[in-house]
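Each chain, written out:
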Amino acid sequence: MDLAMRAEDVAFRDEVRAFLDENLTDDLKAHARLTPGILADHDLRVEWLKRLHKRGWSAPSWPKEYGGPGWNVMQRFIFASECAAAGAPISSNMGLSMVGPTLMGHGRKEQKDYYLPRILSGEDWWCQGYSEPGSGSDLASLQTRAVADGDDYVINGTKLWTTGAHIANKMFCLVRTDPKAKPQEGISFILIDDMSAPGIKVEPIITLAGDHEVNQVFFDDVRVPKKNLVGAENNGWTVAKYLLEFERGGSAHGANLRNGLNRLRRIASDERSSDGARLIDDPAFRRKIDETDVEVTAVEFTEHRIMSALSNGQNPGAASSIIKTRGTETNQKITELAIEAIAYYAGPHVVEARIWGSNVAPVGPEHALMPMAKYLNTRASSIYGGSNEVQRNIMAKAVLGL
Ligand SMILES: Cc1cc2nc3c(=O)[nH]c(=O)nc-3n(C[C@H](O)[C@H](O)[C@H](O)COP(=O)(O)OP(=O)(O)OC[C@H]3O[C@@H](n4cnc5c(N)ncnc54)[C@H](O)[C@@H]3O)c2cc1C
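Residues numbered from 1 in each chain as written. Predicted model: local features only at pLDDT ≥ 70, side-chain atom pairs only at ≥ 80, totals over all residues. Heavy atoms only, no water.

If you check the shell around the ligand, you find 17 residues, and the closest are S137, W161, T163, S387 and E389. Contact distances for the ligand include 2.7 Å between a nitrogen atom and a side-chain N or O atom of T163. The side chain of N393 places a nitrogen or oxygen atom 3.0 Å from a nitrogen atom of the ligand. Taking 960 Å² as the accessible area of the ligand by itself, protein coverage stands at 65%. Along the lines of polarity and charge, the residues of the shell around the ligand split into seven nonpolar, nine polar and one charged. Two domains each donate at least three residues to the shell around the ligand, and these are domain 2 (126-244) and domain 3 (252-398). (Near = heavy atom within 4 Å. Polar contact = N/O pair within 3.5 Å; in protein donor to acceptor, adjacent residues only side chain to side chain. Areas by Shrake-Rupley, 256 points an atom, 1.4 Å probe, with all protein chains shown as cover. Nonpolar A, V, L, I, M, F, W, Y, C, P; charged D, E, K, R; others polar. Domains from an automatic or database assignment.)

In C-alpha coordinates, the structure reads:
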(Lines give C-alpha, C1' and ligand atoms only; values in the text may rest on other atoms or scores of the structure.)
Protein backbone atom coordinates (compact mmCIF):
# COMPACT_ATOMS: atom_id res chain seq x y z
CA MET A 1 0.00 0.00 0.00
CA ASP A 2 1.27 3.47 -0.91
CA LEU A 3 1.13 5.60 2.23
CA ALA A 4 1.95 8.91 0.58
CA MET A 5 -1.00 11.29 0.32
CA ARG A 6 -2.09 12.02 -3.22
CA ALA A 7 -3.33 15.47 -4.22
CA GLU A 8 -6.98 14.35 -3.89
CA ASP A 9 -6.29 13.02 -0.38
CA VAL A 10 -4.79 16.37 0.64
CA ALA A 11 -7.84 18.14 -0.79
CA PHE A 12 -10.12 15.77 1.13
CA ARG A 13 -8.15 16.33 4.34
CA ASP A 14 -8.57 20.10 3.92
CA GLU A 15 -12.30 19.63 3.36
CA VAL A 16 -12.53 17.63 6.61
CA ARG A 17 -10.51 20.27 8.46
CA ALA A 18 -12.80 23.03 7.18
CA PHE A 19 -15.85 21.04 8.32
CA LEU A 20 -14.33 20.51 11.77
CA ASP A 21 -13.42 24.20 12.08
CA GLU A 22 -17.01 25.12 11.41
CA ASN A 23 -18.86 22.37 13.26
CA LEU A 24 -16.76 21.16 16.17
CA THR A 25 -17.93 23.74 18.72
CA ASP A 26 -16.05 24.61 21.91
CA ASP A 27 -18.77 22.83 23.92
CA LEU A 28 -18.30 19.62 21.93
CA LYS A 29 -14.52 19.77 22.33
CA ALA A 30 -14.69 20.63 26.04
CA HIS A 31 -17.10 17.79 26.67
CA ALA A 32 -14.98 15.30 24.75
CA ARG A 33 -12.01 16.35 26.92
CA LEU A 34 -14.02 15.62 30.08
CA THR A 35 -15.03 12.12 28.94
CA PRO A 36 -12.70 9.41 30.23
CA GLY A 37 -14.15 6.59 28.18
CA ILE A 38 -16.31 6.04 25.20
CA LEU A 39 -19.57 7.49 26.33
CA ALA A 40 -19.79 11.26 25.99
CA ASP A 41 -22.85 13.19 27.21
CA HIS A 42 -25.71 11.78 25.15
CA ASP A 43 -27.33 15.05 24.03
CA LEU A 44 -24.02 16.42 22.80
CA ARG A 45 -23.20 13.15 21.11
CA VAL A 46 -26.51 13.22 19.25
CA GLU A 47 -25.84 16.86 18.34
CA TRP A 48 -22.45 15.87 16.88
CA LEU A 49 -24.03 12.99 14.97
CA LYS A 50 -26.69 15.31 13.54
CA ARG A 51 -24.05 17.77 12.36
CA LEU A 52 -22.22 14.92 10.64
CA HIS A 53 -25.47 13.56 9.24
CA LYS A 54 -26.37 16.94 7.72
CA ARG A 55 -23.14 16.73 5.77
CA GLY A 56 -23.73 13.05 4.87
CA TRP A 57 -20.78 11.96 7.03
CA SER A 58 -22.43 10.22 10.00
CA ALA A 59 -21.44 6.70 8.87
CA PRO A 60 -17.92 6.90 7.39
CA SER A 61 -17.66 3.16 6.69
CA TRP A 62 -21.14 2.60 5.24
CA PRO A 63 -21.55 2.17 1.50
CA LYS A 64 -23.40 4.83 -0.47
CA GLU A 65 -26.44 2.64 -1.13
CA TYR A 66 -27.21 2.65 2.61
CA GLY A 67 -26.59 6.36 3.14
CA GLY A 68 -22.84 6.32 3.83
CA PRO A 69 -20.46 8.70 2.06
CA GLY A 70 -18.94 5.86 -0.01
CA TRP A 71 -15.41 6.81 1.06
CA ASN A 72 -12.41 4.67 0.22
CA VAL A 73 -10.27 3.36 3.07
CA MET A 74 -7.78 6.24 2.82
CA GLN A 75 -10.58 8.80 3.15
CA ARG A 76 -11.97 6.94 6.17
CA PHE A 77 -8.53 6.92 7.73
CA ILE A 78 -8.02 10.64 7.08
CA PHE A 79 -11.45 11.46 8.49
CA ALA A 80 -10.88 9.43 11.68
CA SER A 81 -7.38 10.88 12.18
CA GLU A 82 -8.54 14.47 11.69
CA CYS A 83 -11.50 14.01 14.07
CA ALA A 84 -9.23 12.53 16.74
CA ALA A 85 -6.60 15.25 16.32
CA ALA A 86 -9.24 18.00 16.52
CA GLY A 87 -10.68 16.55 19.76
CA ALA A 88 -14.07 15.46 18.41
CA PRO A 89 -16.21 13.24 20.66
CA ILE A 90 -15.56 9.52 20.20
CA SER A 91 -18.84 8.48 18.67
CA SER A 92 -19.12 4.93 20.11
CA ASN A 93 -22.38 4.35 18.34
CA MET A 94 -23.30 0.65 18.29
CA GLY A 95 -25.94 1.32 15.65
CA LEU A 96 -23.38 2.67 13.21
CA SER A 97 -20.52 0.37 14.06
CA MET A 98 -22.26 -2.93 14.85
CA VAL A 99 -25.95 -3.51 14.16
CA GLY A 100 -26.00 -1.38 10.98
CA PRO A 101 -23.32 -3.40 9.13
CA THR A 102 -24.88 -6.61 10.49
CA LEU A 103 -28.29 -5.70 9.06
CA MET A 104 -26.59 -4.93 5.73
CA GLY A 105 -25.11 -8.46 5.76
CA HIS A 106 -27.96 -10.50 7.32
CA GLY A 107 -31.09 -8.32 7.61
CA ARG A 108 -34.22 -8.51 5.48
CA LYS A 109 -35.01 -5.65 3.10
CA GLU A 110 -37.79 -4.25 5.37
CA GLN A 111 -35.37 -4.31 8.31
CA LYS A 112 -32.69 -2.43 6.36
CA ASP A 113 -35.21 0.09 5.03
CA TYR A 114 -36.63 0.79 8.47
CA TYR A 115 -33.63 0.72 10.79
CA LEU A 116 -30.66 2.00 8.78
CA PRO A 117 -31.94 5.56 8.13
CA ARG A 118 -32.91 5.91 11.81
CA ILE A 119 -29.36 4.93 12.85
CA LEU A 120 -27.86 7.50 10.49
CA SER A 121 -30.03 10.32 11.78
CA GLY A 122 -29.56 9.56 15.48
CA GLU A 123 -33.28 8.84 15.91
CA ASP A 124 -32.39 5.41 17.28
CA TRP A 125 -29.60 4.60 19.69
CA TRP A 126 -28.67 0.94 20.12
CA CYS A 127 -27.13 -1.15 22.90
CA GLN A 128 -25.66 -4.64 22.71
CA GLY A 129 -27.29 -7.44 24.72
CA TYR A 130 -24.76 -10.26 24.39
CA SER A 131 -23.10 -10.86 27.79
CA GLU A 132 -24.84 -12.34 30.81
CA PRO A 133 -23.70 -13.33 34.32
CA GLY A 134 -21.42 -16.33 33.64
CA SER A 135 -21.62 -15.89 29.85
CA GLY A 136 -19.01 -13.41 28.64
CA SER A 137 -16.05 -15.16 27.04
CA ASP A 138 -18.16 -18.29 27.01
CA LEU A 139 -20.93 -16.46 25.19
CA ALA A 140 -22.53 -19.58 23.74
CA SER A 141 -23.63 -20.59 27.25
CA LEU A 142 -26.08 -17.67 27.45
CA GLN A 143 -29.38 -18.40 29.18
CA THR A 144 -31.77 -15.55 28.31
CA ARG A 145 -34.74 -17.44 26.97
CA ALA A 146 -37.13 -16.53 24.13
CA VAL A 147 -40.24 -18.72 23.89
CA ALA A 148 -42.48 -18.54 20.81
CA ASP A 149 -46.06 -17.43 21.52
CA GLY A 150 -48.20 -16.64 18.46
CA ASP A 151 -46.49 -13.92 16.43
CA ASP A 152 -44.21 -12.99 19.32
CA TYR A 153 -41.39 -14.31 21.44
CA VAL A 154 -41.65 -13.90 25.19
CA ILE A 155 -38.22 -13.06 26.65
CA ASN A 156 -37.02 -13.75 30.20
CA GLY A 157 -33.52 -13.43 31.63
CA THR A 158 -30.82 -10.84 32.17
CA LYS A 159 -27.97 -9.14 30.29
CA LEU A 160 -24.89 -7.78 32.06
CA TRP A 161 -22.39 -4.97 31.36
CA THR A 162 -24.75 -3.49 28.77
CA THR A 163 -23.03 -0.28 27.71
CA GLY A 164 -25.41 2.63 27.24
CA ALA A 165 -28.62 0.65 27.97
CA HIS A 166 -29.80 3.63 30.02
CA ILE A 167 -29.72 5.96 27.01
CA ALA A 168 -30.48 3.51 24.19
CA ASN A 169 -34.02 3.11 22.88
CA LYS A 170 -33.19 -0.19 21.13
CA MET A 171 -31.16 -3.33 21.84
CA PHE A 172 -29.79 -6.07 19.60
CA CYS A 173 -29.85 -9.19 21.64
CA LEU A 174 -28.84 -12.85 21.69
CA VAL A 175 -31.50 -15.17 23.11
CA ARG A 176 -31.83 -18.91 23.50
CA THR A 177 -34.64 -20.23 21.32
CA ASP A 178 -33.76 -23.93 21.52
CA PRO A 179 -32.49 -25.08 24.93
CA LYS A 180 -32.12 -28.69 23.71
CA ALA A 181 -29.76 -27.97 20.80
CA LYS A 182 -25.95 -27.69 21.10
CA PRO A 183 -25.18 -24.30 22.74
CA GLN A 184 -24.22 -22.48 19.49
CA GLU A 185 -27.13 -23.95 17.57
CA GLY A 186 -29.96 -22.83 19.86
CA ILE A 187 -29.32 -19.08 19.77
CA SER A 188 -31.20 -16.39 17.83
CA PHE A 189 -30.36 -12.74 17.12
CA ILE A 190 -33.30 -10.43 17.81
CA LEU A 191 -33.98 -6.71 17.79
CA ILE A 192 -35.76 -5.21 20.79
CA ASP A 193 -37.54 -2.13 19.52
CA ASP A 194 -38.40 -0.34 22.72
CA MET A 195 -36.19 -0.32 25.81
CA SER A 196 -39.07 1.20 27.79
CA ALA A 197 -41.41 -1.73 26.98
CA PRO A 198 -43.21 -3.43 29.93
CA GLY A 199 -40.98 -5.99 31.65
CA ILE A 200 -37.61 -4.35 30.85
CA LYS A 201 -35.68 -2.97 33.82
CA VAL A 202 -32.27 -1.24 33.47
CA GLU A 203 -30.10 -1.02 36.59
CA PRO A 204 -26.94 1.09 36.60
CA ILE A 205 -23.45 -0.21 37.40
CA ILE A 206 -21.10 2.60 38.41
CA THR A 207 -17.52 1.97 37.25
CA LEU A 208 -14.30 2.40 39.22
CA ALA A 209 -13.84 5.77 37.52
CA GLY A 210 -17.19 6.88 38.98
CA ASP A 211 -19.06 6.90 35.67
CA HIS A 212 -22.37 5.43 34.61
CA GLU A 213 -21.60 3.66 31.34
CA VAL A 214 -22.69 0.07 31.93
CA ASN A 215 -25.84 -1.58 33.26
CA GLN A 216 -27.58 -4.82 34.05
CA VAL A 217 -30.80 -5.30 32.09
CA PHE A 218 -33.62 -7.58 33.27
CA PHE A 219 -36.34 -9.08 31.05
CA ASP A 220 -39.56 -10.23 32.65
CA ASP A 221 -42.05 -11.62 30.07
CA VAL A 222 -41.04 -9.08 27.44
CA ARG A 223 -42.93 -9.54 24.15
CA VAL A 224 -40.98 -9.04 20.92
CA PRO A 225 -42.49 -9.74 17.48
CA LYS A 226 -40.99 -12.65 15.53
CA LYS A 227 -40.41 -10.35 12.56
CA ASN A 228 -37.60 -8.79 14.63
CA LEU A 229 -35.38 -11.85 14.20
CA VAL A 230 -32.26 -11.17 12.14
CA GLY A 231 -31.39 -14.31 10.20
CA ALA A 232 -33.24 -17.54 10.82
CA GLU A 233 -34.38 -18.82 14.21
CA ASN A 234 -31.50 -20.71 15.91
CA ASN A 235 -28.98 -19.25 13.44
CA GLY A 236 -28.07 -16.27 15.66
CA TRP A 237 -24.53 -17.49 16.34
CA THR A 238 -23.54 -16.88 12.71
CA VAL A 239 -25.01 -13.36 12.87
CA ALA A 240 -23.38 -12.72 16.27
CA LYS A 241 -19.91 -13.70 15.01
CA TYR A 242 -20.28 -11.54 11.92
CA LEU A 243 -21.02 -8.57 14.19
CA LEU A 244 -18.02 -9.23 16.46
CA GLU A 245 -15.57 -8.60 13.62
CA PHE A 246 -16.94 -5.06 13.33
CA GLU A 247 -16.79 -4.62 17.10
CA ARG A 248 -13.11 -5.60 17.28
CA GLY A 249 -11.70 -4.10 14.13
CA GLY A 250 -13.83 -1.04 13.70
CA SER A 251 -12.53 2.04 15.49
CA ALA A 252 -9.69 4.45 14.82
CA HIS A 253 -7.20 2.98 17.28
CA GLY A 254 -4.09 4.55 15.76
CA ALA A 255 -5.54 8.05 15.55
CA ASN A 256 -6.83 7.94 19.13
CA LEU A 257 -3.57 6.50 20.44
CA ARG A 258 -1.54 9.18 18.66
CA ASN A 259 -3.84 11.77 20.20
CA GLY A 260 -3.34 10.29 23.69
CA LEU A 261 0.42 10.20 23.21
CA ASN A 262 0.47 13.86 22.16
CA ARG A 263 -1.57 14.71 25.24
CA LEU A 264 0.95 12.79 27.37
CA ARG A 265 3.80 14.75 25.80
CA ARG A 266 2.06 18.04 26.69
CA ILE A 267 1.56 16.89 30.30
CA ALA A 268 5.21 15.83 30.53
CA SER A 269 6.27 19.24 29.16
CA ASP A 270 4.37 21.03 31.93
CA GLU A 271 5.38 18.72 34.78
CA ARG A 272 8.81 18.94 36.52
CA SER A 273 11.07 16.13 37.63
CA SER A 274 12.84 16.22 41.00
CA ASP A 275 15.69 18.43 39.73
CA GLY A 276 13.19 21.05 38.49
CA ALA A 277 13.76 20.28 34.82
CA ARG A 278 10.86 19.52 32.48
CA LEU A 279 9.77 15.89 32.86
CA ILE A 280 9.83 15.43 29.12
CA ASP A 281 13.58 16.19 29.20
CA ASP A 282 14.22 13.49 31.80
CA PRO A 283 16.03 10.71 29.86
CA ALA A 284 14.30 7.85 31.70
CA PHE A 285 10.79 9.24 31.18
CA ARG A 286 11.63 10.29 27.64
CA ARG A 287 12.65 6.72 26.84
CA LYS A 288 9.28 5.41 28.05
CA ILE A 289 7.45 7.90 25.82
CA ASP A 290 9.61 7.01 22.82
CA GLU A 291 9.09 3.27 23.36
CA THR A 292 5.35 3.88 23.48
CA ASP A 293 5.63 5.95 20.30
CA VAL A 294 7.11 2.89 18.58
CA GLU A 295 4.14 0.81 19.76
CA VAL A 296 1.65 3.41 18.53
CA THR A 297 3.42 3.41 15.16
CA ALA A 298 3.15 -0.40 15.04
CA VAL A 299 -0.62 -0.16 15.63
CA GLU A 300 -0.90 2.50 12.91
CA PHE A 301 0.94 0.27 10.43
CA THR A 302 -1.20 -2.73 11.33
CA GLU A 303 -4.20 -0.54 10.64
CA HIS A 304 -2.71 0.41 7.27
CA ARG A 305 -2.30 -3.30 6.50
CA ILE A 306 -5.97 -3.91 7.37
CA MET A 307 -6.98 -0.96 5.19
CA SER A 308 -4.93 -2.37 2.38
CA ALA A 309 -6.62 -5.79 2.75
CA LEU A 310 -10.06 -4.19 2.85
CA SER A 311 -9.38 -2.09 -0.23
CA ASN A 312 -8.42 -5.31 -2.06
CA GLY A 313 -11.74 -6.87 -1.03
CA GLN A 314 -10.21 -9.14 1.63
CA ASN A 315 -11.50 -9.76 5.14
CA PRO A 316 -9.37 -8.47 8.12
CA GLY A 317 -9.75 -11.86 9.85
CA ALA A 318 -7.35 -12.34 12.79
CA ALA A 319 -5.87 -8.86 12.21
CA SER A 320 -8.88 -7.41 14.06
CA SER A 321 -7.71 -9.43 17.10
CA ILE A 322 -4.16 -8.02 16.73
CA ILE A 323 -5.51 -4.46 16.58
CA LYS A 324 -7.83 -5.03 19.51
CA THR A 325 -5.05 -6.47 21.69
CA ARG A 326 -2.20 -4.11 20.83
CA GLY A 327 -4.49 -1.06 20.60
CA THR A 328 -5.99 -1.52 24.05
CA GLU A 329 -2.70 -2.46 25.75
CA THR A 330 -0.85 0.51 24.25
CA ASN A 331 -3.66 2.78 25.36
CA GLN A 332 -3.41 1.38 28.88
CA LYS A 333 0.33 2.08 28.83
CA ILE A 334 -0.25 5.71 27.81
CA THR A 335 -2.69 6.20 30.70
CA GLU A 336 -0.18 4.60 33.12
CA LEU A 337 2.53 7.04 32.00
CA ALA A 338 0.13 9.97 32.46
CA ILE A 339 -0.44 8.85 36.06
CA GLU A 340 3.32 8.64 36.56
CA ALA A 341 3.69 12.14 35.10
CA ILE A 342 1.15 13.88 37.35
CA ALA A 343 2.44 11.93 40.39
CA TYR A 344 0.71 13.09 43.63
CA TYR A 345 -2.13 14.77 41.73
CA ALA A 346 -3.34 11.33 40.63
CA GLY A 347 -4.57 10.81 44.23
CA PRO A 348 -7.39 13.36 44.49
CA HIS A 349 -9.57 12.07 41.66
CA VAL A 350 -12.50 14.51 41.84
CA VAL A 351 -15.26 12.92 39.76
CA GLU A 352 -17.59 15.93 40.23
CA ALA A 353 -15.05 18.30 38.63
CA ARG A 354 -15.51 16.63 35.27
CA ILE A 355 -19.31 16.54 35.31
CA TRP A 356 -20.59 18.68 32.47
CA GLY A 357 -21.68 22.08 33.81
CA SER A 358 -20.33 21.45 37.34
CA ASN A 359 -18.60 24.31 39.20
CA VAL A 360 -16.49 21.98 41.38
CA ALA A 361 -12.83 22.89 40.96
CA PRO A 362 -10.26 20.18 40.19
CA VAL A 363 -7.32 19.70 42.56
CA GLY A 364 -4.01 20.70 40.99
CA PRO A 365 -3.28 21.84 37.47
CA GLU A 366 -5.92 21.49 34.76
CA HIS A 367 -4.03 18.69 33.02
CA ALA A 368 -4.25 16.58 36.22
CA LEU A 369 -8.04 16.29 36.03
CA MET A 370 -8.41 13.45 33.54
CA PRO A 371 -5.46 11.00 33.81
CA MET A 372 -6.86 8.98 36.75
CA ALA A 373 -10.32 8.78 35.15
CA LYS A 374 -8.79 7.63 31.87
CA TYR A 375 -6.46 5.18 33.64
CA LEU A 376 -9.37 3.54 35.49
CA ASN A 377 -11.62 3.57 32.45
CA THR A 378 -9.14 1.95 30.08
CA ARG A 379 -8.65 -1.06 32.43
CA ALA A 380 -11.91 -2.38 30.98
CA SER A 381 -10.77 -2.09 27.36
CA SER A 382 -8.80 -5.34 27.52
CA ILE A 383 -11.97 -7.08 28.77
CA TYR A 384 -14.83 -5.80 26.62
CA GLY A 385 -15.23 -6.68 22.95
CA GLY A 386 -13.79 -10.12 23.79
CA SER A 387 -11.01 -10.18 26.43
CA ASN A 388 -7.41 -9.95 25.26
CA GLU A 389 -6.73 -13.49 26.49
CA VAL A 390 -9.49 -14.71 24.20
CA GLN A 391 -8.06 -12.62 21.33
CA ARG A 392 -4.68 -14.30 21.93
CA ASN A 393 -6.38 -17.69 21.65
CA ILE A 394 -7.87 -16.63 18.31
CA MET A 395 -4.44 -15.46 17.04
CA ALA A 396 -2.78 -18.64 18.29
CA LYS A 397 -5.22 -20.70 16.25
CA ALA A 398 -5.68 -18.56 13.17
CA VAL A 399 -2.19 -17.10 12.75
CA LEU A 400 0.17 -19.56 14.44
CA GLY A 401 -1.90 -22.68 13.70
CA LEU A 402 -1.58 -23.92 17.31
C1 LIG B 1 -16.83 -1.70 30.53
C2 LIG B 1 -17.46 -2.89 29.89
C3 LIG B 1 -18.41 -2.71 28.91
C4 LIG B 1 -19.05 -3.81 28.33
N5 LIG B 1 -20.05 -3.60 27.42
C6 LIG B 1 -20.76 -4.67 26.95
C7 LIG B 1 -21.91 -4.46 26.12
O8 LIG B 1 -22.27 -3.33 25.77
N9 LIG B 1 -22.60 -5.55 25.73
C10 LIG B 1 -22.24 -6.83 26.05
O11 LIG B 1 -22.90 -7.76 25.63
N12 LIG B 1 -21.17 -7.05 26.86
C13 LIG B 1 -20.43 -6.00 27.31
N14 LIG B 1 -19.35 -6.20 28.14
C15 LIG B 1 -19.04 -7.57 28.57
C16 LIG B 1 -17.75 -8.13 28.01
O17 LIG B 1 -17.89 -8.49 26.67
C18 LIG B 1 -17.35 -9.30 28.90
O19 LIG B 1 -17.05 -8.77 30.18
C20 LIG B 1 -16.15 -10.04 28.37
O21 LIG B 1 -16.49 -10.76 27.21
C22 LIG B 1 -15.56 -11.02 29.41
O23 LIG B 1 -16.55 -11.85 29.90
P24 LIG B 1 -16.78 -12.03 31.48
O25 LIG B 1 -16.94 -10.68 32.10
O26 LIG B 1 -17.91 -13.01 31.66
O27 LIG B 1 -15.45 -12.63 32.04
P28 LIG B 1 -15.00 -14.17 31.91
O29 LIG B 1 -15.34 -14.68 30.56
O30 LIG B 1 -15.50 -14.92 33.09
O31 LIG B 1 -13.43 -14.03 32.00
C32 LIG B 1 -12.74 -13.91 33.24
C33 LIG B 1 -11.23 -13.99 32.95
O34 LIG B 1 -10.92 -15.27 32.38
C35 LIG B 1 -10.26 -15.11 31.11
N36 LIG B 1 -10.71 -16.17 30.21
C37 LIG B 1 -11.98 -16.54 29.96
N38 LIG B 1 -12.00 -17.53 29.03
C39 LIG B 1 -10.73 -17.76 28.66
C40 LIG B 1 -10.11 -18.66 27.74
N41 LIG B 1 -10.81 -19.50 26.99
N42 LIG B 1 -8.75 -18.61 27.65
C43 LIG B 1 -8.00 -17.75 28.38
N44 LIG B 1 -8.55 -16.88 29.29
C45 LIG B 1 -9.88 -16.90 29.41
C46 LIG B 1 -10.71 -13.75 30.63
O47 LIG B 1 -9.78 -13.20 29.71
C48 LIG B 1 -10.78 -12.95 31.92
O49 LIG B 1 -9.50 -12.49 32.27
C50 LIG B 1 -18.68 -5.13 28.72
C51 LIG B 1 -17.69 -5.31 29.69
C52 LIG B 1 -17.09 -4.22 30.28
C53 LIG B 1 -16.05 -4.45 31.34
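W62, Y130, F172, L174, F189 and L191 are the most contacted members of the largest nonpolar core, which totals 32 residues. Going through the elements one at a time, helix 3 (42-54), helix 5 (94-106), helix 6 (109-121), strand 4 (170-176), strand 5 (187-192) and helix 7 (236-249) are the ones with two or more residues in this core. With six residues, helix 5 is the largest single contributor of residues to this core. Residues from two domains meet in this core; each of domain 1 (7-92) and domain 2 (126-244) gives at least three. Counting 25 residues, the second-largest nonpolar core is a separate cluster that includes F285, V296, V299 and I342. (Core = buried A, V, L, I, M, F, W, Y, C linked by side-chain atoms within 4.5 Å. Buried < 20%, exposed > 50% of the residue type's maximum accessible area, 1.4 Å probe, protein only. Helix = DSSP H or I, 4+ residues; strand = E, 2+ residues; numbered from the N terminus.)

Here we come to the domain arrangement of the chain. The assigned domain composition of the chain is domain 1 (7-92), domain 2 (126-244) and domain 3 (252-398). Domain 2 puts six residues into the contact, and the matching count from domain 3 is eight residues. Both faces combined, the contact of domain 2 with domain 3 buries some 510 Å², and carbon together with sulfur accounts for 50% of it. Together, S137, L208 and A209 form the three largest contributors to the area buried by domain 2 at its contact with domain 3, with a combined 64%. Viewed at the interface, domain 3 and domain 2 are joined by one salt bridge. Linking domain 2 with domain 3 are three residue pairs in polar contact (both at pLDDT 80 or more). (Contact = heavy atoms within 4.5 Å. Buried area = accessible area lost by both parts, 1.4 Å probe. Salt bridge = Lys/Arg side-chain N within 4 Å of Asp/Glu carboxyl O.)

This part is about the packing of aromatic side chains. Scanning the model with the defined rule gives 12 aromatic pairs in all. On the numbers, 6.4 Å between centres and 55° between planes, the contact of F12 with W57 is tilted. One end of the pair, F12, is in helix 1 (residues 7-23); the other, W57, is in the loop between helix 3 and helix 4 (73-86), and 45 residues separate them in sequence. The buried category is assigned to F12, whose relative accessible area is 5%. With a centroid separation of 5.5 Å and an interplanar angle of 70°, the aromatic rings of Y115 and W126 are classed as edge-to-face. One end of the pair, Y115, is in helix 6; the other, W126, is in strand 1 (residues 126-129), with 11 residues separating them in the sequence. A network of ring pairs unites the aromatic residues F12, F19, W48, W57, W71 and F79 as a single cluster. It is K201 that lies over the ring of F218; its NZ or CZ is 5.3 Å from the centre. (Phe/Tyr/Trp six-rings, centres within 6.5 Å; stacked < 30°, edge-to-face > 60°. Lys NZ or Arg CZ within 6 Å of the ring centre and 35° of its normal.)

Looking at the secondary structure, you find N259 in helix 8 (residues 253-270). For N259, a relative accessible area of 18% gives the class buried. Those residues in contact with N259 that sit more than four places away from it in its chain are A84 and A85.

Our focus in this paragraph is the pairing of strand 4. Counting buried positions over the seven residues of strand 4 gives seven, a clear majority of the element. Covered by surrounding structure in strand 4 are K170, F172, L174 and R176 together with M171, C173 and V175, the residues of both alternating faces. Sheet topology note: the strand 1/strand 4 ladder contains four bridges and is parallel. Its bridge partner lying in strand 4, Q128 is registered against F172. Note: strand 4 against strand 5, six bridges, orientation antiparallel. Bridging from a neighbouring strand, V175 pairs with S188 of strand 5. (Pairing = 2+ DSSP bridges.)

On to a nonpolar patch on the surface. Taken together, the side chains of V399, L400 and L402 define a hydrophobic patch exposed on the protein surface, amounting to about 360 Å² of accessible area. Since its relative accessible area comes to 72%, L402 is described here as exposed. (Patch = residues over 30% accessible without salt bridge, like charges linked within 9 Å, V, L, I, M, F, W, Y side chains within 5 Å.)

Within the element layout of this structure, T177 appears in the loop between strand 4 and strand 5. With relative accessibility at 14%, the residue T177 sits in the buried group. Side-chain polar atoms of T177 contact the side chain of S188, separated by 2.6 Å. At 2.6 Å, the side chain of T177 forms a polar contact with the side chain of N234. With residues up to four places along the chain from it excluded, the contact list for T177 reads R145, A146, Y153, G186, I187, S188, E233 and N234.

Moving on, we get to the state of the cysteines. For the structure shown, the criterion picks out zero disulfides. The closest cysteine sulfur to the non-disulfide-bonded C173 is located on C127, 8.5 Å from its own sulfur. (Disulfide = S-S within 2.5 Å.)

Okay, helix 6 next. Each turn of an α-helix holds 3.6 residues, which means side chains three or four residues apart point in the same direction. An ideal rise of 1.5 Å per residue puts 18 Å on 13 residues; helix 6 measures up with 19 Å between its terminal C-alpha atoms. For helix 6, the full list of buried residues reads Q111, K112, Y115, L116, R118, I119, L120 and S121. In the core, the buried residues of helix 6 are packed alongside helix 3, helix 5, strand 1, strand 4, strand 5 and strand 8 (229-230). Residue G122 follows helix 6 closely and has a positive phi angle near 85°. (Expected span 1.5 Å × (residues − 1).)

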